[in-house]
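# Tertiary structure, described
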Amino acid sequence: MTNKYLALAVGACVVMLAASGARAETTLKFGHYNAESHPMHKAAVQFKENVEKRTNGAVKIQIYPNNTLGSPPEILEQTRNGVVDIAVPTSGQLDKYDKAFAALMLPFVFDDIDHARRAMDGAMLQWLTPLAEKSGLEIIGVWEYGFRNLTNSKHPITSPDDVKGLKIRTPPEIQLSAAMAALGANVQKIGFPELYLSLSQGVVDGEENPIATIWSAKFYEVQKHLALTRHTYQAIYQVVNLDTWKKLTPEQQKILREEGAAAGKLTRQLLQGEENGLIDQLKAKGMQVTTPDLKPFKAAMGPANAEIAKYAGPDNVAKFQKYVEEAQKK
């Protein structure tokens, strides 16, 4: 075949492919920080399977769980830079790029889990989505990490006085460190991948996390006491690198957004359905569980609220509190 006819044949193939709508496969890297037994990973698997099925394999998802790609802040930074395509950061991780997200973790502001979810799903999401876009991220789903609780290896916690002097690890999120400091804890910031070892070696006395994380990370092996303080609620936002997002077709974007929302619902269902059972299992593993009166804990949050407002900006805090109050009325 001459070069002329070869070129014509190749051109005809290109036209036929374009006409048929055929596209090359796209594989998206999805990194997260929880163990494969955690509800977040189960939701990630559902997301992967449904996206691949609904796109007929044109979009494939490769999941990297359990901090395989780095610590949570590192995974988010890689997602902003396009090294990773999808992440599920907390608002405390997102606030490094827009301070409005910092207001979302004010301690003791929600009455219960339903109140928190109503607030996160409504007009607040419309406020936050364009802010994430300015940081190079597209929000496609609201997931959940849940209410955080306090564990330690020293003694039961029934009042704020029991927290004083304890060496408590928090992630590098000012809202959590400020809340623990307001209770009199000696706050230590340690990366999650190093936390179990730090607890086992006594580098810190305790930590604070949602029940599902305390269970899946096996902290019951190195922590004797669990206090159900529910001091901070954490939403999780499933985000896609904005450049990656723009390369997807409108139909693919629609599918990812729908499946991100569905995975968020699954996360919530699993967390809520498992929590009471997990507390019982933690007790069976030897943890002593206390349910303290939270009013004195909330009353001690003045310094924490002031520090968070200074960091997040008073306007952002006021806007967040407006959404919280509106959700309370529903």
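A few points on the structure. (Residues numbered from 1 in each chain as written. Predicted model: local features only at pLDDT ≥ 70, side-chain atom pairs only at ≥ 80, totals over all residues. Heavy atoms only, no water.)

### Some remarks on the overall build of the chain
Regarding its fold elements, the chain presents 14 helices and 11 strands. Burial analysis of the chain (330 residues in total) assigns 53% to the buried set. Long-range pairs, those at least 24 residues apart, make up 77% of the contacts in the chain between residues at least 6 apart in sequence. As presented, the chain carries roughly 14,600 Å² of accessible surface, and 52% of it is formed by carbon and sulfur atoms. Counting 38 positive and 36 negative side-chain charges, the chain places the centres of these two groups 2 Å from one another. (Helix = DSSP H or I, 4+ residues; strand = E, 2+ residues; numbered from the N terminus. Buried < 20%, exposed > 50% of the residue type's maximum accessible area, 1.4 Å probe, protein only. Contact = heavy atoms within 4.5 Å. Areas by Shrake-Rupley, 256 points an atom, 1.4 Å probe, with all protein chains shown as cover. Lys, Arg positive; Asp, Glu negative; His and termini not counted. Charge placed at Lys NZ, Arg CZ, Asp CG, Glu CD.)

### As for the nonpolar core
Residues Phe110, Met120, Met124, Trp127, Tyr237 and Phe320 are the most contacted members of the largest nonpolar core, which totals 37 residues. Looking at this core, the elements with two or more residues in it are α3 (72–81), α5 (113–121), α6 (123–134), β4 (137–147), β10 (233–241), α13 (302–312) and α14 (314–329). With near-sequence residues (within four places) excluded, Trp127 lies in contact with Ala100, Leu104, Asn316, Lys319, Phe320 and Tyr323. If you look at the next biggest cluster of nonpolar residues, it comprises 25 residues, including Tyr33, Ala44, Val59 and Leu248. (Core = buried A, V, L, I, M, F, W, Y, C linked by side-chain atoms within 4.5 Å.)

### A short note on the environment of Glu274
Its place among the elements puts Glu274 in helix α11 (residues 250–284). Separated by 87 residues in sequence, Glu274 and Val187 place their C-alpha atoms 29 Å apart. Filtering out sequence-adjacent residues up to four positions away, Glu274 remains in contact with Pro39 and Lys42.

### Describing the packing of α5 against α6
Viewed as axis vectors pointing N to C, α5 and α6 meet at an angle of 50°, and their least axial separation amounts to 4 Å. Considering their axes alone, α5 and α6 lie oblique with respect to each other. Facing α5, whose interface residues are Ala119, Met120 and Asp121, α6 presents Ala123, Met124 and Leu125. Residue composition of the contact of α5 with α6, by class: 5 nonpolar, no polar and 1 charged. (Axes fitted to C-alpha atoms, helices over the stretch in contact; angles between N-to-C directions. Parallel < 35°, antiparallel > 145°, perpendicular 65-115°, else oblique. Nonpolar A, V, L, I, M, F, W, Y, C, P; charged D, E, K, R; others polar.)

### Quick word on the sheet that holds strand β1 (residues 26–31)
Taken in spatial order, the 5 strands make up an open sheet running β2-β1-β3-β10-β4, and their pairing is mixed. Among the strands making up the open sheet, the edge pair consists of β2 (59–64) and β4. Where α6 meets the sheet, its contacts fall on β4 and β10, and the angle it forms with β4 comes to roughly 125°. (Pairing = 2+ DSSP bridges.)

### Here's the deal with the sheet that holds strand β6 (residues 167–170)
Spatially, the 6 strands line up as an open sheet ordered β7-β6-β8-β5-β9-β11, and their pairing is mixed. Of all the strands in the sheet, just β7 (186–189) and β11 (288–290) have a single pairing partner and so form its edges. Put simply, the sheet's adjacent strands are angled 25° from each other on average, direction ignored. Sheet topology note: the strand β5 (residues 149–152)/strand β9 (residues 225–227) ladder contains 3 bridges and is antiparallel. Residue pairing for β9: Asn152 is matched across the bridge by His225.

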